[in-house]
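# Architecture and fold: a report
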Amino acid sequence: MPDNINWPRKTRELHSHHFDSTAWNDLRFRDDDIVIATYGKSGTTWTQQIVGQLIFGGDPELAVAELSPWLDLRVPPKEIKLPLVEAQTHRRFLKTHLPVDALRFSPRAKYIYVARDARDVVWSLYNHHANANQLWYDALNKTPGLVGPPIEPPTRDIRQYWHEWLARDGHPFWPFWDNVRSWWRIRELPNVLLLHFAALKRDLPGEVRRIAAFLDIPVDPSREHAILEYCSFDWMKKNAAKAAPLGGAFWDAGADTFMNKGTNGRWRDTLSADEAARYEQRAEAELGADCARWLASGEP
């Protein structure tokens, strides 16, 4: 790896009902660590499943929610989480929803950032939020270490939810544009790979091979079919309890809510052409034309 690379540096901490970014400050990185980053509801679990299946060579019993923790989620606290991560003996693959400047970045690790059109993100996010049960709210709002306001139940109107999310930049979760911009800016680094939800949908085998090559994981041809099967949305939906936090306990309908539809474009049934166009103008203003085009489709 070149010696003259200007590596990203952490410049701030993020704290909220979800975040404790300080967890990364105390992580002891290994040379082969993998970090899977997204804004959220962008293909995070899908990518964790792909990476896990590549590491373990196609294992139908793989419990990705246990093996690949969300390190900056403030519950359980870092005092519990970090020793568990330190004790892992397999190649570690960790999850984050932080922007780059709130993340302690290691030149030794490999980073995969997964993006999705914001409209698809919000439609998935609304399902996640609207179906959360009291256990979810208690974990986020009534545990020690909460900084800032609690998260409240959402409106019943998804159009209103969309407009509030857009007007208040990710409310009630976390800022969107900063997240995408920060990872787009470092896309040329040798240890960063950008993925897109739509590309995973279009060509899962090709994207799995691209991820394997980036991570230097040789794929046994006799296991490739099994790996692809266990990474398909249909298989993951049928085995959702292995991917959902606490097996889906935070949603009354269980893990099926966490692994919802895996489709794009549901916003077209709600947003008018004018509303969609205003969003597209906003995306270009926030991100620039190239990044906005990639965010919309996954195509350069």
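You'll find the structure just up there.
None of the values given here were measured: they were computed from a predicted structure.

## Overview of the sheet that holds strand 4 (residues 192-196)
Spatially, four strands are ordered 2-1-3-4 in an open sheet, and the strand pairing comes out parallel. Either end of the sheet is taken by a strand with one partner, and the two such strands are strand 2 (93-96) and strand 4. The sheet shows a mean angle of 20 degrees between the axes of neighbouring strands, taken without regard to direction. Note that strand 1 (residues 34-38) and strand 2 share four bridges and pair parallel. Its bridge partner being in strand 2, Val35 is matched across the sheet by Leu94. Against the sheet, helix 7 (residues 177-185) contacts strand 1, strand 3 (110-115) and strand 4, and its axis sits at roughly 135 degrees relative to strand 3. Sheet contacts for helix 14 (residues 289-297): strand 3 and strand 4; angle to strand 4, the most-contacted strand, approximately 55 degrees.

## Section: the nonpolar core
Counting 69 residues, the largest nonpolar core has Trp24, Tyr111, Tyr113 and Trp165 as its most contacted members. Broken down by element, this core gets its largest block of residues, six residues, from helix 4 (residues 118-130). Setting aside its immediate chain neighbours within four residues, Tyr111 contacts Phe29, Val35, Leu103, Arg104, Phe105, Ser106, Trp183, Asn191, Val192, Leu193 and Phe214. Within the second largest apolar cluster, 28 residues are counted, among which are Phe93, Phe197, Phe214 and Trp235.

## Focus: the packing of helix 7 against helix 13 (residues 273-287)
The interhelical angle for the contact between helix 7 and helix 13, taken along N-to-C directions, is 50 degrees, at an axis separation of 10 Å. In terms of orientation, helix 7 lies oblique with respect to helix 13. Crossing handedness for the pair helix 7 and helix 13: right-handed. In contact with Trp177, Val180 and Arg181 of helix 7, helix 13 contributes Tyr279, Arg282, Ala283, Glu286 and Leu287. Taken together, the residues of the contact of helix 7 with helix 13 sort by class into five nonpolar, no polar and three charged.

## Side note on helix 1 (residues 44-56)
In a regular helix each residue adds 1.5 Å, so 13 residues correspond to 18 Å; helix 1 covers 18 Å between its end C-alpha atoms and thus fits that length. The buried count for helix 1 comes to 11 of 13 residues, which makes it a mostly enclosed element. Three or more residues of helix 1 are buried, namely Thr44, Thr45, Trp46, Thr47, Gln48, Gln49, Ile50, Val51, Gly52, Gln53 and Leu54. A positive phi of about 70 degrees marks Gly57, the residue just after helix 1.

## Points about the environment of Pro144
Of note, Pro144 is situated in the loop between helix 5 (134-141) and helix 6 (158-167). With 70 residues separating them along the chain, Pro144 and Phe214 place their C-alpha atoms 39 Å apart.

## Comments concerning the pattern of salt bridges
By the definition in use, this model includes 22 salt bridges. With a closest N to O distance of 3.5 Å, Asp178 and Arg12 form a salt bridge. On the criterion of sequence distance, the pair formed by Asp178 in helix 7 and Arg12 in the segment before strand 1 is long-range, its members being 166 residues apart. Judged by relative accessible area, which is 31%, Asp178 ranks as partly exposed. Residue classification places Arg12 among the partly exposed residues on the basis of a relative accessible area of 28%. Note that Glu61 is salt-bridged to Lys242, the shortest N-O span being 3.3 Å. One end of the pair, Glu61, is in the loop between helix 1 and helix 2 (64-67); the other, Lys242, is in the loop between helix 11 (233-238) and helix 12 (255-258), and 181 residues separate them in sequence. Its relative accessible area of 56% is what places Glu61 among the exposed residues. The network of salt bridges with common partners includes Arg12, Asp101, Asp178, Arg181, Arg282 and Glu286.

## So, the pairing of strand 4
Every regular strand shows the same layout, with side chains that alternate between the two sheet faces. The element strand 4 is extensively covered by neighbouring structure, given that five of its five residues are classed as buried. Of the two faces of strand 4, both are covered, the one formed by Val192, Leu194 and His196 as well as the one formed by Leu193 and Leu195. Bridging between strand 3 and strand 4 involves five bridges; their strand directions are parallel. Across the sheet, residue Ala115 finds its bridge partner in strand 4, namely His196.

## Regarding the side chain of Thr38
In this structure, Thr38 sits in strand 1. Residue class for Thr38 comes out buried when judged on its relative accessible area of 0%. Setting aside chain neighbours within four positions, we find Thr38 in contact with Thr44, Thr96, His97, Tyr113, Val114 and Asn179.

## Concerning unusual backbone geometry
Between Val75 and Pro76 the backbone carries a cis peptide bond, its omega angle lying at -5 degrees. Residue Pro172 is bonded to the preceding His171 through a cis peptide linkage, with omega at 10 degrees. The phi angle at Asp169 is positive, at roughly 50 degrees, despite the residue not being glycine. In this structure, Asp169 sits in the loop between helix 6 and helix 7. Look at Asp216: it is not a glycine, yet its phi comes out positive at around 60 degrees. Residue position: Asp216 is located in the loop between helix 9 (204-214) and helix 10 (221-230).

Each value, and the rule that gives it
Each chain carries its own residue numbering, running from 1 in the written order of its sequence. At least 70 in pLDDT is required for a residue's local features to be given in this predicted model, at least 80 for side-chain atom pairs to be given and counted, and no such filter applies to totals for whole chains, interfaces and linings, which use all residues. Each side-chain value is derived from all of the structure's non-hydrogen atoms; neither hydrogens nor water enter the calculation. We call two strands paired when DSSP finds no fewer than two bridges between them. Only DSSP runs of H or I reaching four residues or more are called helices, and only runs of E reaching two or more are called strands; each is numbered from the N terminus. To get an axis, fit a line to the C-alpha atoms, keeping to the stretch in contact for a helix; angles then go from 0 to 180 degrees between the N-to-C directions. Throughout, a contact is declared for two residues whenever any of their heavy atoms are within 4.5 Å. Here, the term nonpolar core denotes a set of buried Ala, Val, Leu, Ile, Met, Phe, Trp, Tyr and Cys residues that are joined through side-chain atoms within 4.5 Å. The rule is simple: take the accessible area with a 1.4 Å probe, protein chains only, and divide by the maximum for that residue type; under 20% is buried, over 50% is exposed, in between is partly exposed. We call two directions roughly parallel when the angle between them is under 35 degrees, roughly antiparallel when it is over 145, roughly perpendicular when it lies between 65 and 115, and oblique otherwise. Two helices cross in a left-handed way if the nearer one is turned anticlockwise from the farther one by less than a right angle. They cross in a right-handed way if the turn is clockwise. Any residue outside Ala, Val, Leu, Ile, Met, Phe, Trp, Tyr, Cys, Pro, Asp, Glu, Lys and Arg is labelled polar, Gly included; the first ten of those are nonpolar and the last four are charged. One less than the residue count of a helix, multiplied by 1.5 Å, gives the span that helix is expected to have. In what follows, salt bridge is the name for a side-chain nitrogen of Lys or Arg lying within 4 Å of a carboxyl oxygen of Asp or Glu.

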